[in-house]
There are 4 protein chains.
Amino acid sequence: MNRFGIRFSFTTFGESHGKAIGCVVDGVPAGLTIDEHFIQRELDRRKPGQNAFATARKEADSVEILSGTFEGKSTGTPLAMIIYNTNEKSQDYDNIKALFRPGHADFTYWHKYGIRDYRGGGRASARETAVRVAAGAVAKLLLNTLGIRVQSGICSIGTVDADTYDFSYARQSEIYALDKNVEEAQKAAVLEAKAAHDSVGGVVALKIDSLPVGLGEPLYYKLDALLADAMMGINAAKAVEIGAGIQSARLRGSENNDAITKEGFTSNHSGGILGGISNGDDVTMKIYFKPTPSIFIEQSTITTQHDDARIALKGRHDPCVAIRGSVVCEAMAALVIADMLLLNMGRTLEGVRRCYL
Amino acid sequence: MNRFGIRFSFTTFGESHGKAIGCVVDGVPAGLTIDEHFIQRELDRRKPGQNAFATARKEADSVEILSGTFEGKSTGTPLAMIIYNTNEKSQDYDNIKALFRPGHADFTYWHKYGIRDYRGGGRASARETAVRVAAGAVAKLLLNTLGIRVQSGICSIGTVDADTYDFSYARQSEIYALDKNVEEAQKAAVLEAKAAHDSVGGVVALKIDSLPVGLGEPLYYKLDALLADAMMGINAAKAVEIGAGIQSARLRGSENNDAITKEGFTSNHSGGILGGISNGDDVTMKIYFKPTPSIFIEQSTITTQHDDARIALKGRHDPCVAIRGSVVCEAMAALVIADMLLLNMGRTLEGVRRCYL
Amino acid sequence: MNRFGIRFSFTTFGESHGKAIGCVVDGVPAGLTIDEHFIQRELDRRKPGQNAFATARKEADSVEILSGTFEGKSTGTPLAMIIYNTNEKSQDYDNIKALFRPGHADFTYWHKYGIRDYRGGGRASARETAVRVAAGAVAKLLLNTLGIRVQSGICSIGTVDADTYDFSYARQSEIYALDKNVEEAQKAAVLEAKAAHDSVGGVVALKIDSLPVGLGEPLYYKLDALLADAMMGINAAKAVEIGAGIQSARLRGSENNDAITKEGFTSNHSGGILGGISNGDDVTMKIYFKPTPSIFIEQSTITTQHDDARIALKGRHDPCVAIRGSVVCEAMAALVIADMLLLNMGRTLEGVRRCYL
Amino acid sequence: MNRFGIRFSFTTFGESHGKAIGCVVDGVPAGLTIDEHFIQRELDRRKPGQNAFATARKEADSVEILSGTFEGKSTGTPLAMIIYNTNEKSQDYDNIKALFRPGHADFTYWHKYGIRDYRGGGRASARETAVRVAAGAVAKLLLNTLGIRVQSGICSIGTVDADTYDFSYARQSEIYALDKNVEEAQKAAVLEAKAAHDSVGGVVALKIDSLPVGLGEPLYYKLDALLADAMMGINAAKAVEIGAGIQSARLRGSENNDAITKEGFTSNHSGGILGGISNGDDVTMKIYFKPTPSIFIEQSTITTQHDDARIALKGRHDPCVAIRGSVVCEAMAALVIADMLLLNMGRTLEGVRRCYL
């Protein structure tokens, strides 16, 4: 079940240490300028090995478009993209061949499939998210033509929380920090965890602005439900919150309801979604990431033969997976919106008639 | 887009004040004893008008099975269920015909479809969740034959939080409280909000136990992602958390990882899911509900003609939608698990061969 | 798997001798006038018991709309329809309880599901096609607003073939005959088979005119492929032909290619479809129906206990299932086109931008 | 919409003269030995340039597996395959840049998408069917482990029809002829058409044997309906017939019904499918192919500017597309059966319980 989306969909393939990872993006409207540099730049934002706050693994993550374009434009046919794996150090994983890493999918893949590619987590590796970013970049190209913008950033690392959310600032921050004032403290939290051979959790904030009213297909393909699906499916994501979400559950209706005026909503506790449909306000959400399960501290585990064992991981890992995860959240959000844009097109008879008559 | 699920799926129809609501459950394995009394009892748990903590609306919610069974057993054909609407007081809604209720889907349905059944929220009404409970009851009948159990309860109402989670206790509590010790305080929070013509938010906890290892279809039909989709799609749900979710984001990896031993996992921060696949431990989650948007305090809004207006709701509404929402969460979880059980069946060649040879 | 279609889809339920049959039509654009009389008239065209050429069973086939409309118009929410079964003579089937009727699905349902509702074929009965006609009528209401017309008729019964295809004439013919000149001979063929306690096969021709160019979603949701799917899924259909289909296979390219001129195609061997996409010409097809398997001549069969047996059917059956089948073909074609119309809407960036900007 | 199948599905990408064509096969059960040589051999059977009866184009059609296997076995993750295009002579198509080739999809793609890759038909080229064959080979590997066999061959070329169907003979025939006695006449029909700068139609027969009873998911994912969908979606296919199909429409029920005995069915007019479900007998079908639309005789057409024009094709084309088409039919049939095998696994409670308890 490696496809996401209905009208604007993508299908991914590939393992961490296989030949390549890639995707097929299906449903791209014809006539869209496919800016390969933009796609590559989006990938570069997720790329590891760029600073002390991410894994030291070097992955070129150089994307190649194989189909679906002609003379620089989309043709309405599936757009396939491939990223060849170039920096696989499979030997890093020989020691975990017969062990299940705590917090990883090793245990569940083994029991489900009876076989697993243990090298770097195989299919379960966050490496696969690179192709989500590539697919998301194509979605962003579509959104850009409509002025819709998806932005993200880090609001919390461990217990260090942002007070203000500046998405423009986040773009240039090494850790995608939303709040300049806590950025150094957040960096310190990452480096301390790293120095302790440990990792640390974090929270991503996401904002989608300039959305038209009406996106989302109730009752079982609602905008918020699909965003929750998209975000919770990202490696290490453990909670998803729309608008004031968690805080809303502690409020009264009179406090939480967003009053409506001719100029718009007076507040945005709803996170821009009512009844599963965009209301024209900013869609805001948070995604909570657990700390990277790959740590260098020795842990208890069992072998594939069901014997108790100790495990000490080697290799290079992100001390805080939320940081690069924010770029993946953006990509997934863009993909959700692209799908909703196309699905929403036949919603009224008037719209259908305008298209055909 | 009114279908949910792939192999064990359901499609719903109906509006709050139309003739009927109902569903078609597709993919029920043949030979399952369809206990209509059990289905009705599940509906009765969600039924309004039972005590001071829910809306005073009386809805019989009497379910009738129209197809898919023969001599008390499922036949493998679609099981349709219908609930006729009997207590519609449409006149309660005449005053909101041309107004958008804050916090409701009125505004978005109007803009998306250009037409809306304003009576009781029409399709966007939580009334539709009755059929989710009916469909979920069929899923539970399947789960029961495998010993899998889905349970839920209220952990928070407003700012009153449970300290202990006793799912057995919750079943008999009028507000489905998980913690007997805070139950009265939680009831008081509901009644205070009600007395103030207001409403209050709440949080539902959910537990699924005795699940086999291996449920969930990575990478884009993961168990946690589909549960998030299912829960976020419930009316008024605004956040979904798996396992230690939100807290995990503040922890270090060494604290958050669940060590593995021959006897099982030593903790369950993961909420029973690794890599989107069940690991055999209890699946635990929380769903955060906003306060009911229907309050009797006057609010600012606009008309369908885009003029400023004031709105004062009438009628009968739940002061805390999370309470009855917990029953819906259970139903949706059961439906997700039923789908995952069937999808997981062809995962290995060995399983396929055992089925056919 | 009881759903058909992606954007304009329908899900059906119900058995021949259960309480009711019905469907949920999902994706109807909002604002469409839902003419219930039109829907009922379409059902009446398929209704049995109207003349000597169909089964004498009387089925009221009275359809009721349960949801999805408001003040006579569609609201964009699912439109459910129900037809209660009123004339079930279950005792007609007591003698076949433990027997498999040759040519019927009894044998396969029994082996697949281990249980079957033997009364009238249960779910496998052509009775279910009544709801396809109801759903198809809703699709036709949409097509009508765009001037698209779907018509059908009988071209062959047994070995009596039509020479000319007059779809207007077919509408008023008791056997939906396309050619007035062979109508009597075709009627005679039906009555002769009936008198011999036997049945006879037939062929339906279908024409869809005034289609826009561009319908069909290559490569795996092509217009011709989906039409073939839709038609082959109708009870007793055994072959589907697009355009000159079967004859084309005997021709040379220079004979079969439809030359293109500024005024259009000079011939229509393609049946209006090129590369799986409508080319603006009439879509033409034929559907070949086997003779009704229910005959009154004694036949060899086996029991559910795998013993040899003889079977002599009772009851009332269509001597030529193709006749009423033609109405079902029309309905399915309308449903396919409705789906294609909506799917096609996001095909170009220009179209997307025109919708949103 | 470039995906086919639900549980065992594949998604394809690529244009005739782009960088590569390929596919992602999703749902392959884990533990299946992936024999790359077998996959390549299947591709070689479809490969052009092998004799006088197919196009002289040389395409290496060398397939590379990119993911989804580990140590030679499937892992349950998506299996991606790629075939790089190596022999594109784009200049062959410069003269048709602004012209629509009669019988081709040029006209419809242009009107649908407003842009097209005219080189060799782009996405609409039969070249894409190479990846169907690769995907089908993976499906065959699965079917082989269950003893299920899919075979095909040519029964007619132009007006030269086979009298006997010898599928073993067909495998070694240069034109996949089923009947040795008419093979030379069929070859002559191809060469005569070729010599006349023309092409000729043909008919493929397909047989699937050793199928278990019970495959097919009524009512809208029936085995025959999905086979019809799969076959009609193949380039140049214009009609699909199950069992005695077309002839059945001329028969009486007493002639057409297949009597049932303890030893099995006494005839197989049904083509092994009753009620959309396999009955254990051979599935037999025919697929009717139009003559290749690419001919060298000058034809009338119009330009993309809607002016009348004459077109004279160059390049290398198959004189009879049915021949290589037979290999594609086999592949598509294998893919349908693989999907049905997995979908059928949860059909009974007993089966579900046996899997989990």
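What you see as residue numbers is a count from 1 along each chain, following the sequence as written. Labels follow written order: the first chain is A, the first ligand is 1, and so on. Two thresholds apply to this predicted model, a pLDDT of at least 70 for residue-level local features and 80 or more for giving and counting side-chain atom pairs, whereas whole-chain, interface and lining totals are computed over all residues. Neither water nor hydrogens contribute to the side-chain values; these are computed over all heavy atoms in the structure.

Caption draft 1: Broad picture of the overall build of chain A. Every helix listed is a DSSP run of H or I at least four residues long, and every strand listed is a run of E at least two residues long, numbered separately from the N terminus. The helix and strand inventory of chain A stands at ten helices and 18 strands. Along the longest, intermediate and shortest principal axes, the C-alpha atoms of chain A span 65 × 50 × 35 Å. Throughout this description, buried means an accessible area under 20% of the type-specific maximum (1.4 Å probe, protein chains only), exposed means over 50%, and partly exposed covers the range between. Burial statistics for chain A: of 357 residues in total, 71% are counted as buried. When checking whether two residues touch, look at their non-hydrogen atoms; a contact exists if any pair is within 4.5 Å. For chain A, restricting intrachain contacts to residue pairs at least 6 apart in sequence, the fraction spanning at least 24 positions comes to 70%. Per-residue and other accessible areas follow the Shrake-Rupley method at a 1.4 Å probe size, with only the shown protein chains counted as cover for residues. When the accessible surface of chain A is totalled, it reaches about 10500 Å², and 47% of it is carbon and sulfur. Positive charges come from Lys and Arg alone, negative charges from Asp and Glu alone, with His and the N- and C-terminal ends not counted. Taken as the charge centre is NZ of Lys, CZ of Arg, CG of Asp or CD of Glu, depending on the residue. The distance from the centre of the 40 positive side-chain charges to the centre of the 42 negative ones in chain A is 3 Å.

Caption draft 2: Representation of the confidence of the model for chain A in the model. The score called pLDDT rates the predictor's confidence residue by residue, from a low of 0 to a high of 100. Predicted confidence across chain A gives a mean pLDDT of 95, with 98% of residues reaching 70 or more. Confidence estimates for the predicted assembly give a pTM of 0.98 and an ipTM of 0.97.

Caption draft 3: Structural context of the environment of B:Glu36. With respect to the helices and strands, the residue B:Glu36 is situated in helix H1 (residues 36-46). Linking B:Glu36 and B:Gly72, residues 36 residues apart in sequence, is a C-alpha distance of 8.9 Å.

Caption draft 4: Highlighting the nonpolar core. Nonpolar core, defined: a set of buried Ala, Val, Leu, Ile, Met, Phe, Trp, Tyr and Cys residues in which side-chain atoms within 4.5 Å join the residues together. Membership of the largest hydrophobic core comes to 440 residues, with the highest contact counts inside it found for A:Met231, B:Met231, C:Met231 and D:Met231. If sequence neighbours within four positions are ignored, B:Met231 has contacts with B:Leu206, B:Ala237, B:Val240, B:Met285, B:Ile287, B:Cys329, B:Met332 and B:Ala333.

Caption draft 5: Layout of the relation of the copies chain B and chain A. Alignment of copies: least-squares fit on C-alpha atoms of residues with pLDDT of at least 70 in both copies. Overlay of chain B on chain A (RMSD 0.0 Å): rotation 180°, translation along the axis 0.0 Å. Such a combination of turn and shift is consistent with a two-fold rotation axis. Closest approach to the rotation axis among the C-alpha atoms of chain B is made by B:Asp229, whose C-alpha sits 2.3 Å away. The share of interface residues of chain B whose copies in chain A are also at the interface is 100%, consistent with both copies meeting through the same surface.

Caption draft 6: Fine view of the interface of chain B and chain A. Listed per partner, the contact involves 99 residues of chain B and 99 residues of chain A. Of the roughly 7900 Å² buried between chain B and chain A, counting both surfaces, carbon and sulfur atoms make up 59%. What counts as buried area is the accessible surface, traced by a 1.4 Å probe, that two parts surrender upon association, with contributions from both included. Three residues stand out in chain B for area buried against chain A, namely B:Met1, B:Lys112 and B:Tyr220, and they jointly supply 12% of the buried area on that side. Criterion for a salt bridge: a side-chain nitrogen of Lys or Arg within 4 Å of a carboxyl oxygen of Asp or Glu. Between the two partners, chain B and chain A, sit four salt bridges.

Caption draft 7: Broad picture of the state of the cysteines. Residues and elements named next belong to chain B. By disulfide we mean two sulfur atoms from cysteines, separated by a distance within 2.5 Å. Tallying each qualifying case throughout the model produces zero disulfides over all chains. Free cysteine Cys320: the closest other cysteine sulfur is in Cys155, separated by 11 Å. Accessibility expressed as a relative area gives 0% for Cys320, which makes it buried.

Caption draft 8: Representation of the interface of chain A and chain C within the structure. The interface is formed by 27 residues belonging to chain A together with 27 residues belonging to chain C. For the pair chain A and chain C, the number of links is zero salt bridges. Residues adjacent in sequence count toward polar contacts only when both atoms are side-chain atoms; beyond that, a polar contact is any pair of N or O atoms within 3.5 Å, and within protein one must be able to donate a hydrogen and the other to accept it. Counting the contacts that link chain A with chain C gives twelve residue pairs in polar contact (both at pLDDT 80 or more). Those elements that provide at least two residues to the side of chain A that touches chain C are helix H3 (129-145), helix H9 (321-343) and helix H10 (349-356) of chain A. For this classification, the nonpolar set comprises Ala, Val, Leu, Ile, Met, Phe, Trp, Tyr, Cys and Pro, the charged set comprises Asp, Glu, Lys and Arg, and every other residue, Gly included, is treated as polar. In terms of residue class, the side of chain A that touches chain C is built from 18 nonpolar, six polar and three charged.

Caption draft 9: Expanded view of the packing of helix H1 (residues 36-46) of chain A against H9(A). All names here are of chain A. Relative to each other, H1 and H9 sit at 145°, their axes nearing to 8 Å. Contacts from Glu42, Arg45 and Arg46 of H1 reach H9 at Arg324, Val327, Val328 and Glu330. A breakdown of the residues in the contact of H1 with H9 according to their chemical character gives two nonpolar, no polar and five charged. Axis angles are defined between N-to-C directions and span 0 to 180 degrees, where every axis is a line fitted to C-alpha atoms and, for a helix, only to the segment in contact.

Caption draft 10: Main features of the sheet that holds strand S9 (residues 160-161) of chain B. Reading across the sheet, the ten strands line up as S9(A)-S8(A)-S10(A)-S16(A)-S11(A)-S11(B)-S16(B)-S10(B)-S8(B)-S9(B) and stay open at both edges, with antiparallel pairing between neighbours. One side of each edge strand has no neighbouring strand; the edge strands of this open sheet are strand S9 (160-161) of chain A together with S9 of chain B. Sitting on the sheet, helix H6 (residues 223-232) of chain A is in contact with strand S10 (202-209), strand S11 (237-242) and strand S16 (283-289) of chain A together with strand S11 (237-242) of chain B, with an inclination near 155° to S11(A). Pairing between strands requires that DSSP locate at least two bridges from one strand to the other.

Caption draft 11: The arrangement of the packing of aromatic side chains in detail. Paired rings are identified among Phe, Tyr and Trp, the last through its six-membered ring, by centres lying within 6.5 Å, and are further divided according to the angle between planes into stacked (under 30 degrees), edge-to-face (over 60) and tilted (the rest). Scanning the entire structure with this criterion turns up 34 aromatic pairs over all chains. For the ring pair A:Phe265 and B:Phe107, a centre distance of 5.2 Å and an interplane angle of 75° mean the geometry is edge-to-face. Here A:Phe265, found in strand S13 (residues 264-265), pairs with B:Phe107, found in helix H2 (residues 106-113), and the two come from separate chains. The exposure class assigned to B:Phe107 is buried, which follows from its relative accessible area of 10%. Pairing B:Phe4 with B:Phe10 gives two aromatic rings, centres 6.0 Å apart and planes at 50°, and the pair type is tilted. Summarising the burial analysis for this pair, B:Phe4 and B:Phe10 share the class buried.

Caption draft 12: Here's a closer look at the sheet that holds strand S1 (residues 3-4) of chain A. Residues and elements named next belong to chain A. With respect to topology, five strands assemble into an open sheet ordered S1-S2-S3-S7-S4, the strand pairing being antiparallel. Two strands bound the open sheet, and with one partner strand each, they are S1 and strand S4 (63-65). The pairing of S4 with strand S7 (residues 79-84) spans three bridges and is classified as antiparallel. Bridging across to S7, Glu64 finds its partner in Ile82.

Caption draft 13: A look at H10(A). All names here are of chain A. If you check which residues of H10 are buried, you get Leu349, Gly351, Val352 and Tyr356. The buried side chains of H10 occupy one side of the element, clustering within an arc of 165° when seen end-on. Exposed and oriented more than 90 degrees from the buried face of H10 are Glu350 and Arg354. By arc we mean the arc of the directions from the helix axis to the C-beta atoms, nothing more.

Caption draft 14: Region of the structure containing the side chain of B:Thr77. Mapped onto the fold, B:Thr77 is located in the loop between strand S6 (73-74) and strand S7 (79-84). Classification of B:Thr77 as buried rests on a relative accessible area of 7%. Polar contacts involving the side chain of B:Thr77 include one to the side chain of C:Glu15, which spans 2.7 Å. Apart from residues lying up to four places away in sequence, B:Thr77 is in contact with B:Gly68, C:Glu15, C:Tyr109 and C:Arg123.

Caption draft 15: Quick look at the packing of helix H6 (residues 223-232) of chain C against helix H6 (residues 223-232) of chain D. For the pair H6(C) and H6(D), interaxial distance at closest approach is 7 Å and the crossing angle is 160°. Classified by the interaxial angle, the pair formed by H6(C) and H6(D) is roughly antiparallel. The hand of the H6(C)/H6(D) crossing is right-handed. Residue-level inspection shows C:Asp224, C:Ala225, C:Ala228, C:Asp229 and C:Met232 of H6(C) in contact with H6(D), the latter providing D:Asp224, D:Ala225, D:Ala228, D:Asp229 and D:Met232. By residue class, the composition of the contact of H6(C) with H6(D) is six nonpolar, no polar and four charged. Convention used here: angles under 35 degrees read as roughly parallel, angles over 145 as roughly antiparallel, angles from 65 to 115 as roughly perpendicular, and any remaining angle as oblique. Two helices cross in a left-handed way if the nearer one is turned anticlockwise from the farther one by less than a right angle. They cross in a right-handed way if the turn is clockwise.

Caption draft 16: Focus on the pattern of salt bridges. The full count for this structure, using the stated rule, is 83 salt bridges over all chains. Two residues, C:Arg354 and C:Glu350, come together in a salt bridge whose shortest N-O distance is 3.0 Å. Here C:Arg354 and its partner C:Glu350 are both found in helix H10 (residues 349-356), four residues apart, which amounts to about one turn of the helix. A relative accessible area of 55% means that C:Glu350 is categorised as exposed. In this structure, the salt-bridge partner of D:Glu174 is D:Lys187, at a minimum N-O distance of 3.1 Å. One end of the pair, D:Glu174, is in the loop between helix H4 (167-172) and helix H5 (180-195); the other, D:Lys187, is in helix H5, with 13 residues separating them in the sequence. Residues joined in a network through salt bridges with shared partners are A:Glu42, A:Arg45, A:Lys140 and A:Glu330.

Caption draft 17: Layout of the pairing of strand S3 (residues 20-26) of chain B. Residues and elements named next belong to chain B. The element S3 is extensively covered by neighbouring structure, given that seven of its seven residues are classed as buried. Covered by surrounding structure in S3 are Ala20, Gly22, Val24 and Asp26 together with Ile21, Cys23 and Val25, the residues of both alternating faces. As paired strands, strand S2 (residues 9-14) and S3 are joined by six bridges and run antiparallel to one another. Looking at the pairing, Gly14 lines up with Ile21 of S3. Adjacent in sequence and paired antiparallel, S2 and S3 are bridged by five residues.

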